[in-house]
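Observations on the three-dimensional arrangement
Spelled out from the first residue to the last, the chains are:
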Amino acid sequence: MKKEIVVALAGNANVGKSVIFNQLTGMTQIIGNWPGKTVERAEGTLRYKGRIIKIIDLPGIYSLSAYSQEEIVSREFIAFEKPDVVINVVDASNLERNLFLTLQLLELHVPMVMALNQIDYAVKKGIDIDVKKLEKLLGIPVVETIATKGKGLQELIDKVLEVVDSYKGEDVFAYDIESEKVLKYRPEIKEYVMKIYKILMRYNVPLVKSFHPLWISLKVMEEDEDVIEKLKSTSSGEQAYKEIEKVLGDLKAKFESPIGTLVTADRYDIASYIASETVSEIHHRITWTDLIDNVVLHKIWGYVSMAIIVFLSFYGIFKFGEYFSGILEDFFDQFKPLVYNLHISEMYKDFIWNGLAEGVISAVTIVLPYIFPFYVFLSILENTGYLARIAFLMDEVMHKVGLHGKALIPVLMGFGCNVPAVLGTKILETDREIFIASFMSTLVPCSARIVIILGTIGVFMGPQYALAVFALDVLVVYVAAYFANKIAPGKPYDLIMELPGYRMPALKPTLKQIWFRIKDFLYVALPIIVAGSLVLEILKYSGIFKYVSYVMDPIVVKWLGLPSIVGIVLIFGILRKELTLIMLLTLAGTTHVSQILTPKQMIVFGIVTMLYFPCIATIAALKKTIGWKKTWWVVFANIIIAILVGGIVNQILNFI
């Protein structure tokens, strides 16, 4: 009896996979990235009946093809790490659609248990599933679960242990496709699977030690580039593939459609058969979900409702942030006299307060008032099912820049802070999409930059001018993403996204989700903000500012039409964006922006501040997400865009 067991959770997105993971692992979770990938990896440990069960939450996927990082990560973990059991988490209310992935997992011939999740929601939709018949057809244990309430999870783990203890392995050298209970492909496919299988066996291809020959054969038929490359990576595999190509030539001649299309069609036929045999409708009715979707997915009212929901949410976030931030700042300000009453030199007092303390305070006054409510709002939208509707609505618009609608989710997060926005792009499928979305996120004004625009243009010129600047930013972000899409190698894939049913967010999983996101921000941004504040204070005493002005004046004064001291502000504002306005006022020796900048200069200053060089914490997030090479490309592009757009606006305003 194995004492330590590895279990992988596999399933489509939005089936409750992560909720099962959270319920089973509690506080033992470790969140990171898969080696060499930007896809998030979550693992945790469960101690049960004297055994240690390591649980890996694989990314949400819809197939085991090589179209996305998530799919490659999932299938390679199953193949090479060889978990003792795969728990296939399935949405009971969408069984037929979910079975498409289940069948591909069965093709891998791995020990498996199905978690038929959200069974309560299926009942509400009038769906009844014959679990015993489903078990018989699939040939694997099936357990009904309601993950949000913890129901069925103990039985699920008991079944996992039963499968582990009873699994005897499989002799691939004695495989016969006719022995398959559920994987009933058309005769031609079965015939050529066996031909490919015999070639693989004859050449003793090493890949068979990782992937089952049935799965390899089907993937070769589907012309899966990743599998073919792995097959050809050894001398015996190279020879085997040459012979397989000749055999497949005969099969291709029999059909007009690509063989991969036929394999996919067979899988859907099998899934349809299983669903028809096991699923019945207790009663058919129009649900309140259908009624809501008639509005929120409407070609006109969908966008109207989205605009209202997003506007009210962000308005509430920033009103709350403005109020709570003021309270926190007043609270921390009372500690300032304690530092400046110390019997040490004035320089050291500045280092302690302006360098160290202000760094921590600025992080706290952003995270608590702005980031926390933003993540609460984001988690509610996500867990109620509405966020998927926003992504669906915006898919056509985002597709113009090589992204899908769900890329809008991390981009919107940039209004709170660019750091979690960049880190949030890891939900996307490919490196290409992650790069474009990260680039877009850096151009979105974070809360610190929004404060700068509102504190200058909004206060001294009126909110209509501030809104005009934000509208310009939306245009710049879209145009920049359009060109990034043109130069980024690769191609966008079609969106495959499930629209989950509406439901009340479960409190415990939602709170954990919020904490993990805030923790990611704190761990990446806080140390850099504090270190940056200290460096800034040291440089202020070094007298280096005058040299910076000399270098920056040709751009700042002549092209942008701004005062010379703005050059210093722009350079050192990379440490902390909220310092941009504070430093400008400090260096000018006034608290009134109108004494430093004219109305025209306020607009240009706001635009440049909004678009230029991301803060150092965002650069760290970029490095973590897309690597140094692409990070410096984004930084350089930001600088060029800010200078170019700011200068053009300055020249236009000179003629008005």
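These figures come from a predicted structure and were not determined experimentally. (Residues numbered from 1 in each chain as written. Predicted model: local features only at pLDDT ≥ 70, side-chain atom pairs only at ≥ 80, totals over all residues. Heavy atoms only, no water.)

Details of the overall build of the protein
Rules: The numbering of helices and of strands both runs from the N terminus, where a helix is a DSSP run of H or I of at least 4 residues and a strand a run of E of at least 2. Each residue is placed in one exposure class: buried if its accessible area under a 1.4 Å probe, protein chains only, is under 20% of its type's maximum, exposed if it is over 50%, and partly exposed if it falls in between. Computed with the Shrake-Rupley method and a 1.4 Å probe, the accessible areas treat only the protein chains shown as cover for residues.
Helix and strand content of the protein: 28 helices and 9 strands. Buried positions account for 55% of the 656 residues belonging to the protein. Taken as a whole, the protein presents about 29,800 Å² of accessible surface, with 63% of it coming from carbon and sulfur.

Looking at the nonpolar core
Put simply, the rule reads: What we call a nonpolar core is a set of buried Ala, Val, Leu, Ile, Met, Phe, Trp, Tyr and Cys residues that are connected through their side-chain atoms within 4.5 Å. Contacts are assigned to residue pairs with any non-hydrogen atoms lying within 4.5 Å of each other.
Ranked by internal contacts, the top residues of the largest apolar core, which has 91 residues, are Ile 390 and Met 440. Beyond its immediate chain neighbours, meaning those up to four positions away, Ile 390 contacts Met 306, Val 310, Leu 381 and Leu 408. Core analysis: the second largest hydrophobic core is formed by 74 residues, Val 110, Leu 134, Ile 146 and Met 201 among them.

Here we look at the packing of aromatic side chains
Stated formally: Stacked, edge-to-face and tilted labels apply to pairs of Phe, Tyr and Trp rings (six-membered ring for Trp) whose centres lie within 6.5 Å, assigned for plane angles under 30 degrees, over 60, and everything in between, in that order. For a ring to carry a charge above it, either NZ of a lysine or CZ of an arginine must fall within 6 Å of the ring centroid while also lying within 35 degrees of the normal to the ring plane.
The full count for this structure, using the stated rule, is 10 aromatic pairs. On the basis of an interplanar angle of 70° and a centroid distance of 5.4 Å, the ring pair of Phe 331 and Phe 332 is categorised as edge-to-face. Plain terms: the ring middles of Trp 628 and Trp 632 are 5.4 Å apart, the flat faces sit at 10° to each other, and that makes the pair stacked. Of this pair, Trp 628 and Trp 632 are both found in helix α28 (residues 628–654), 4 residues apart, which corresponds to roughly one turn of the helix. Its relative accessible area of 45% is what places Trp 632 among the partly exposed residues. Chaining the aromatic ring pairs together yields one cluster made of Phe 80, Phe 211 and Trp 215. Above the face of the Tyr 192 ring, Lys 195 is positioned so that its terminal group lies 4.3 Å from the ring centre.

Details of helix α11 (residues 259–278)
What counts, and what does not: By this rule, a helix spans an expected 1.5 Å times one less than how many residues it contains.
When the terminal C-alpha atoms of α11 are compared, their 29 Å separation across 20 residues agrees well with the 28 Å that a helix rising 1.5 Å per residue should span. Of the residues making up α11, those classed as buried are Ile 259, Gly 260, Leu 262, Val 263, Asp 266, Arg 267, Ile 270, Ala 271, Ile 274, Ala 275 and Thr 278.

Section: a negative patch on the surface
This is how it is decided: Patches draw on residues past 30% relative accessible area with no salt bridge. Two like charges within 9 Å are joined, as are two nonpolar side chains (Val, Leu, Ile, Met, Phe, Trp, Tyr) within 5 Å. Salt bridges are identified by distance alone: a Lys or Arg side-chain nitrogen within 4 Å of an Asp or Glu carboxyl oxygen. When charges are tallied, Lys and Arg are placed among the positive residues and Asp and Glu among the negative ones, while His and the ends of the chain are skipped. The location of each charge is read from NZ of Lys, CZ of Arg, CG of Asp or CD of Glu.
Taken together, the side chains of Asp 128, Asp 130, Glu 144 and Glu 155 define an acidic patch exposed on the protein surface. Considering the arrangement of structural elements, one finds Glu 144 in strand β8 (residues 142–144).

Description of the side chain of Thr 618
Looking at the element boundaries, Thr 618 is found in helix α27 (residues 616–626). Other than its neighbours up to four places away in sequence, Thr 618 contacts Asn 418, Val 419, Val 422 and Thr 442.

What about the UniProt feature "binding site: Mg(2+) 2" (unreviewed entry) in the protein?
Cut-off, in case you're wondering: UniProt positions are given in the numbering used here, feature names are shortened, and annotations may be inferred rather than shown by experiment. For this analysis, a polar contact is any N or O atom pair within 3.5 Å, provided that within protein one partner can donate a hydrogen and the other can accept it, and provided that sequence-adjacent residues contribute only side-chain to side-chain pairs.
With numbering matched to this structure, UniProt assigns "binding site: Mg(2+) 2" (unreviewed entry) to Thr 25 and Gly 26. The topology assignment puts Thr 25 in helix α1 (residues 17–25). For Thr 25, the residues in contact, after removing those within four places along its chain, are Gly 44, Thr 45 and Ile 55. From its side chain, Thr 25 meets the backbone oxygen of Phe 21 in a polar contact 2.7 Å long.

Observations regarding unusual backbone geometry
Residue Lys 82 is not a glycine yet carries a positive backbone phi of 50°. When you line up the elements, Lys 82 lands in the loop between α2 (69–81) and β5 (85–91). One non-glycine residue, His 109, lies in positive phi territory at about 55°. With respect to the element layout, His 109 can be found in the loop between α3 (95–107) and β6 (112–117).

Some thoughts on the pairing of β6
Worth spelling out the cut-off: We call two strands paired when DSSP finds no fewer than two bridges between them.
By the criterion of burial, β6 is predominantly enclosed, with 6 of the 6 residues buried. Residues Met 112, Met 114 and Leu 116 of β6 are buried on one face, and the alternating residues Val 113, Ala 115 and Asn 117, pointing to the opposite face, are buried as well. Across 6 bridges, the pairing between β5 and β6 is parallel. If you follow Val 90 over to β6, its bridge partner there is Leu 116.

Regarding the pattern of salt bridges
This structure, assessed with the given rule, holds 19 salt bridges. For Lys 17, the salt bridge goes to Asp 57, with nearest N and O atoms at 2.8 Å. Separated by 40 residues along the polypeptide, Lys 17 in helix α1 and Asp 57 in strand β4 (residues 51–57) bring together distant segments of the chain. Of the residues examined, Asp 57 reaches a relative accessible area of 8% and is grouped as buried. Arg 267 is paired through a salt bridge with Glu 222; the nearest N and O atoms lie 3.0 Å apart. Here the residue Arg 267 occupies a position in helix α11, and Glu 222 occupies one in the loop between α8 (213–221) and α9 (225–232), the gap between them amounting to 45 residues. Taken individually, Arg 267 and Glu 222 each receive the classification buried, so the pair is uniform in this respect. One salt-bridge network, held together by shared partners, links Arg 75, Glu 76, Asp 224, Asp 226 and Lys 230.

A closer look at the environment of Leu 328
Within the secondary structure, Leu 328 sits in helix α13 (residues 301–333). In this structure, the C-alpha to C-alpha distance between Leu 328 and Ile 361, residues 33 residues apart in sequence, is 8.5 Å.

Focus: the pairing of β4
Two faces, one strand: in a regular strand the side chains alternate between the faces of the sheet. Most of β4 sits out of view: 5 of its 7 residues are buried. Pairing between strand β1 (residues 4–11) and β4: 6 bridges, direction parallel. The residue bridging Glu 4 from the neighbouring strand is Ile 52, located in β4.

A short note on the confidence of the model for the protein
Here is the rule we go by: Per residue, pLDDT captures the predictor's confidence, and it can take any value from 0 to 100.
On average, residues of the protein score 82 in pLDDT, and 86% of them are at 70 or above. A low-confidence stretch, residues 31–38 stays under pLDDT 50, and its non-local contacts, those more than four residues away or across chains, total 29 contacts.

Quick notes on the packing of helix α19 (residues 431–443) against α27
How we decide: Whenever a helix is involved, its axis is fitted only over the stretch in contact; in every case the axis is a line through C-alpha atoms, and angles between N-to-C directions fall within 0 to 180 degrees. Angle categories are assigned with fixed cut-offs, so that under 35 degrees is roughly parallel, over 145 is roughly antiparallel, 65 to 115 is roughly perpendicular, and the rest are oblique. Side-chain classes follow a simple rule in which Ala, Val, Leu, Ile, Met, Phe, Trp, Tyr, Cys and Pro form the nonpolar group, Asp, Glu, Lys and Arg form the charged group, and the remainder, Gly included, forms the polar group.
It is the contact of α19 with α27, at a shortest axis distance of 11 Å, that shows an interaxial angle of 175°. Here α27 runs roughly antiparallel to α19, going by the angle between their axes. Each of Ile 434, Phe 435, Ser 438 and Thr 442 in α19 lies in contact with α27, whose residues at this interface are Thr 618, Leu 622, Thr 625 and Ile 626. Looking at the contact of α19 with α27 residue by residue, the classes come out as 4 nonpolar, 4 polar and no charged.

Brief notes about a nonpolar patch on the surface
Together, Val 295, Ile 300, Trp 301, Val 304, Ile 308, Phe 311, Leu 312 and Tyr 315 make up an exposed nonpolar region whose accessible area comes to about 840 Å². Inspection of the secondary structure puts Phe 311 in helix α13. You can call Phe 311 exposed: its relative accessible area is 55%.

Structural notes on the environment of Gly 326
When you line up the elements, Gly 326 lands in helix α13. You can call Gly 326 partly exposed: its relative accessible area is 23%. Sequence spacing of Gly 326 and Pro 369 is 43 residues, and the spatial spacing of their C-alpha atoms is 9.2 Å.

As for α1
Each full turn of the α-helix corresponds to 3.6 residues, which orients residues three or four apart in the same direction. Counting buried positions over the 9 residues of α1 gives 7, a clear majority of the element. Every buried residue of α1 is accounted for by Lys 17, Val 19, Ile 20, Phe 21, Asn 22, Leu 24 and Thr 25. Directly after α1, the chain includes Gly 26, whose backbone phi takes a positive value near 55°.

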